[in-house]
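In case you want the letters, here they are:
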Amino acid sequence: MTWSIIARDADGAIGIAVATRFFAVGARVPFIEVGAGAIASQALMNPLYGRRGLALMREGVAADEVVRQLTEPDAGAAHRQVHAMDREGRLGAHTGEACVDWCGHTIRDGFSVAGNMLAGPQVIAATAETFAANAALPFPRRLIAALKAGEAAGGDKRGKQSAALLIYST
């Protein structure tokens, strides 16, 4: 239902940009806490992933381990997608094998992109390439440019309904 990017800028701000055909995505997908990290729970989302993931990161658990601890005991994990960045900038991601095609994620240096129900892998690729290529842009504009590139590449295959941009800084 969604694709999102989690990233951190050179000044330490952390952000999530997300777009979807789903209503009110900003109230459901992105979770950020200064000093802990960021997490995006999407697809057949588990609303507990956000708060539980941030609590684990607050304790110093690395993002990939947070993702493992969230998905491993979850009977619905095959239908879920989650990606996270901890306060150290470490990343983790999970795309369940039963998520609706096209689905997938990529982890790059300093950011991750994940999505499902997309027009194809080009959505993730365009989002990631645009973010990587625009380091000179202010962080909020860089995140927006990345989402716009993903939308131009086909975005959510059902259309567009809502988007959100959440940035936290010290």
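In case you missed it, the structure is sitting above this.
Owing to the predicted nature of the structure, the values given are computational and were not obtained by experimental measurement.

Trainee: Hey, could you run me through the sheet that holds strand S2 (residues 14-20) in this one?
Mentor: Backbone hydrogen bonds are what pair the strands of a sheet, in a parallel or an antiparallel way. Strand order across the open sheet formed by five strands is S7-S8-S1-S2-S9, with antiparallel pairing between neighbours. Each edge of the open sheet is held by one strand with a lone partner, namely strand S7 (104-108) and strand S9 (162-168). For this sheet, the mean inter-axis angle between neighbouring strands, taken without regard to orientation, is 5 degrees. Bridge count for S2 against S9 is seven bridges, and the pairing is antiparallel. Counterpart to Ala17 in the pairing with S9 is Leu165. Strands in contact with helix H4 (residues 139-152) are strand S1 (2-8), S2 and S9; relative to S1, the strand with the most contacts, it is inclined by about 150 degrees.

Trainee: Hey, could you run me through the packing of aromatic side chains in this one?
Mentor: The relative placement of two aromatic rings is captured by the distance of their centres and the angle of their planes. Inspection of the entire model under this criterion finds one aromatic pair. In this arrangement the basic side chain of Arg142 is found over the ring face of Phe131, its NZ or CZ atom lying 3.7 Å from the centre.

Trainee: Sorry, what's going on with the environment of Ala136 here?
Mentor: Structurally, Ala136 can be placed in the loop between helix H3 (121-133) and H4. According to the relative accessible area criterion, Ala136 is exposed, its value standing at 83%. Residues Ala136 and Ser169, 33 residues apart in the sequence, show an inter-C-alpha distance of 18 Å.

Trainee: In this structure, what is going on with the packing of helix H1 (residues 48-58) against helix H2 (residues 63-71)? I would like to understand it.
Mentor: Helix packing geometry: the angle between the two helix axes and the distance between the axes. At a closest axis distance of 10 Å, the pairing of H1 and H2 adopts a crossing angle of 135 degrees. Viewed along their axes, H1 and H2 adopt a mutual orientation that is oblique. With respect to the hand of their crossing, H1 and H2 are arranged in right-handed fashion. Residues Tyr49, Arg52, Gly53, Leu56 and Met57 of H1 form the contact with H2, whose own contacting residues are Val66, Gln69, Leu70 and Thr71. When grouped by side-chain class, the residues that make up the contact of H1 with H2 number five nonpolar, three polar and one charged.

Trainee: I'm lost on the pattern of salt bridges in this one. Help?
Mentor: Side chains carrying opposite charge are able to pair once their charged atoms draw close together. Considering all chains together, one arrives at six salt bridges under this definition. Two residues, Arg58 and Glu33, come together in a salt bridge whose shortest N-O distance is 2.6 Å. With Arg58 in helix H1 and Glu33 in strand S3 (residues 30-33), this pair connects stretches of sequence that are 25 residues apart. Residue Arg58 is classed as partly exposed on the basis of its relative accessible area, which comes to 44%. We note a salt bridge from Arg90 to Asp86, for which the minimum N-O separation is 2.7 Å. Each member of the salt-bridge network shares a partner with another, and the members are Glu65, Arg68 and Glu72.

Trainee: Before we go on, may I ask you to explain the nonpolar core in this structure?
Mentor: Here is a general trend for soluble globular proteins: nonpolar side chains tend to be buried in one another's company. In terms of nonpolar packing, the biggest core is built from 17 residues, with Trp3, Ile5, Phe111, Val113, Phe131 and Leu143 touching the most fellow members. Looking at this core, the elements with two or more residues in it are S1, S2, strand S8 (111-115), H3 and H4. Counting 15 residues, the second-largest nonpolar core is a separate cluster that includes Leu54, Leu56, Val61 and Ala63.

Trainee: How do you make sense of the sheet that holds strand S4 (residues 37-43) when you look at a structure like this?
Mentor: On the basis of which strands lie adjacent, the open sheet formed by four strands has the order S3-S4-S5-S6 and antiparallel pairing. A single partner strand is all that each edge strand has here, and the edge strands are S3 and strand S6 (91-95). Averaged over all pairs of adjacent strands, the angle between strand axes in this sheet comes to 5 degrees, irrespective of strand direction. Bridging between S3 and S4 involves four bridges; their strand directions are antiparallel. Residue Pro30 lies in a different strand from S4, and its bridge partner there is Ala40. Strand contacts of H1: S3, S4 and strand S5 (80-86), with the helix running at about 155 degrees to S4, the strand carrying the most contacts. Lying over the sheet, H2 contacts S4, S5 and S6, oriented at roughly 30 degrees with respect to S6.

Rules of the game
Residues numbered from 1 in each chain as written. Predicted model: local features only at pLDDT ≥ 70, side-chain atom pairs only at ≥ 80, totals over all residues. Heavy atoms only, no water. Pairing = 2+ DSSP bridges. Helix = DSSP H or I, 4+ residues; strand = E, 2+ residues; numbered from the N terminus. Axes fitted to C-alpha atoms, helices over the stretch in contact; angles between N-to-C directions. Contact = heavy atoms within 4.5 Å. Phe/Tyr/Trp six-rings, centres within 6.5 Å; stacked < 30°, edge-to-face > 60°. Lys NZ or Arg CZ within 6 Å of the ring centre and 35° of its normal. Buried < 20%, exposed > 50% of the residue type's maximum accessible area, 1.4 Å probe, protein only. Parallel < 35°, antiparallel > 145°, perpendicular 65-115°, else oblique. Left-handed = near helix turned anticlockwise from the far one by under 90°. Nonpolar A, V, L, I, M, F, W, Y, C, P; charged D, E, K, R; others polar. Salt bridge = Lys/Arg side-chain N within 4 Å of Asp/Glu carboxyl O. Core = buried A, V, L, I, M, F, W, Y, C linked by side-chain atoms within 4.5 Å.

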